[in-house]
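Here is how the chains run, residue by residue.
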Amino acid sequence: MSGRKTINDFLSEDLIDITQLLTLVLGQNKEQLYTYSNYELTNKELNKLDELIQHRQNGKPFAYLSGSQGFYHLDFKVSPATLIPRPETELLIDIAVELFRPNQKIHALDLGTGSGVIAITLADKCPAWQLSATDQSNDALKIAKLNATRKIDFYCCNWFKTLPNKKFDLIISNPPYIAENDPHLKDLQFEPTEALISGKDGLDDIRTIIKLAPQYLNLGGYILLEHGYNQKIEITNLLVNSFTNIKTYKDYNGVDRAILAQYS
Ligand code: GLN
């Protein structure tokens, strides 16, 4: 016996995400790990695994270690320049696809696309929709372009700033919406703050988007926003000036999470 540690040795230790970390280092799926649980890791594999265990124990999210995260029916590359896609955001997809038919030739805009999840998932599900997406981070856009499964017009800009003069049928966004002193931020320290925090009440960016959106919407077009658990009433109040048919949605945890309104 060489005395090197086996898969089984690691699986029986109480280490955070150890199964996923082993799958990452060994390139095997979970079933294979259990089947070959007596496999002794090489020095190289042990060093790599130790490094990943350290990162995970320091709180680095698993998605940043693996470099990818599933969202809806697709797998997305992520990097520390992008937020890690959340299951709550899948709600926006469900709402959006109900608004138009997949073969309707509409123009939709995803503001602050990050890794591209919203624009890319919609483009993939709705073949006739023409998607545009913005982000102010070039590094995020690089990732989004790698993730795209079909043509999307990407723009590097702060919300609408340098968008061509064009009107959309749907503006959709998961903007930053966390208040700058929210204690929950300490759990999100590995993600880009510019994708999370939006001023004192978390509403600075949502205010900007709602103010500018009418210039970029066709009459009858929709705005659809993700927001924080306690922002529904304030956002409704911001929308009533220019929008009608305001509808609010809870996420799958029963938390107020999205708002839809029509420009009319
Ligand atoms: N939904 C994320 C969270 O609270 C925040 C993302 C955002 O601000 N858009 O963890």
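Use the structure listed above.
Residues numbered from 1 in each chain as written. Predicted model: local features only at pLDDT ≥ 70, side-chain atom pairs only at ≥ 80, totals over all residues. Heavy atoms only, no water.

**Some remarks on the pattern of salt bridges**
In plain terms, the rule: Basic side-chain nitrogens of Lys or Arg form a salt bridge, by our definition, when they fall within 4 Å of a carboxyl oxygen of Asp or Glu. The buried label applies to any residue whose accessible area, calculated with a 1.4 Å probe on protein chains only, is under 20% of its type's maximum; exposed applies above 50%, and partly exposed to all values in between.
Applying the stated rule across the entire model yields 12 salt bridges. Glu13 is paired through a salt bridge with Lys5; the nearest N and O atoms lie 2.7 Å apart. Using a relative accessible area of 33% as the deciding quantity, one classes Lys5 as partly exposed. With a shortest N-O distance of 2.6 Å, Arg56 and Asp17 are connected by a salt bridge.

**As for the packing of helix α9 (residues 204-212) against helix α10 (residues 232-239)**
For clarity, the cut-off: Every axis in this analysis is a line fitted to C-alpha atoms, fitted for helices over the stretch in contact. Angles between the N-to-C directions lie between 0 and 180 degrees. The helix count covers DSSP runs of H or I at least four residues long, the strand count covers runs of E at least two residues long, and both are numbered beginning at the N terminus. Each angle is binned into one of four classes, with values under 35 degrees roughly parallel, values over 145 roughly antiparallel, values of 65 to 115 roughly perpendicular, and all other values oblique. Helix crossings are classified by the rotation of the near helix relative to the far one: an anticlockwise turn of less than a right angle makes the crossing left-handed, while a clockwise turn makes it right-handed. Contacts were defined at the residue level, with two residues in contact if any of their heavy atoms lie within 4.5 Å.
Relative to each other, α9 and α10 sit at 25°, their axes nearing to 10 Å. Regarding the angle of α9 to α10, the classification is roughly parallel. Pair α9 / α10 crosses with right-handed handedness. Residue-level inspection shows Ile206, Arg207 and Ile210 of α9 in contact with α10, the latter providing Ile235, Leu238 and Leu239.

**Focus: the site of the ligand**
Going by this rule: One heavy atom within 4 Å of a molecule or strand makes the whole residue count as near it. Here a polar contact is recorded for every N or O atom pair within 3.5 Å, except that within protein the pair must consist of a potential hydrogen donor and a potential acceptor, and residues adjacent in sequence are included only if both atoms are side-chain atoms. Computed by Shrake-Rupley with a 1.4 Å probe, the accessible areas treat only the displayed protein chains as cover when residues are assessed. Lys, Arg, Asp and Glu make up the charged group, whereas Ala, Val, Leu, Ile, Met, Phe, Trp, Tyr, Cys and Pro make up the nonpolar group; the residues left over, Gly among them, are polar.
Lining the immediate environment of the ligand, one finds Leu83, Arg86, Asn174, Pro175, Pro176, Tyr177, Ile178, His184, Leu188, Ala195, Leu196 and Glu226. Between the ligand and Asn174 there is a distance of 2.7 Å, counted from a nitrogen atom to a side-chain nitrogen or oxygen. Residue Tyr177 places a side-chain N or O atom 2.7 Å away from a nitrogen atom belonging to the ligand. Here the ligand loses 93% of its free accessible area of 300 Å² to cover by the protein chains. Residues of the shell around the ligand, tallied by class, amount to 8 nonpolar, 2 polar and 2 charged.

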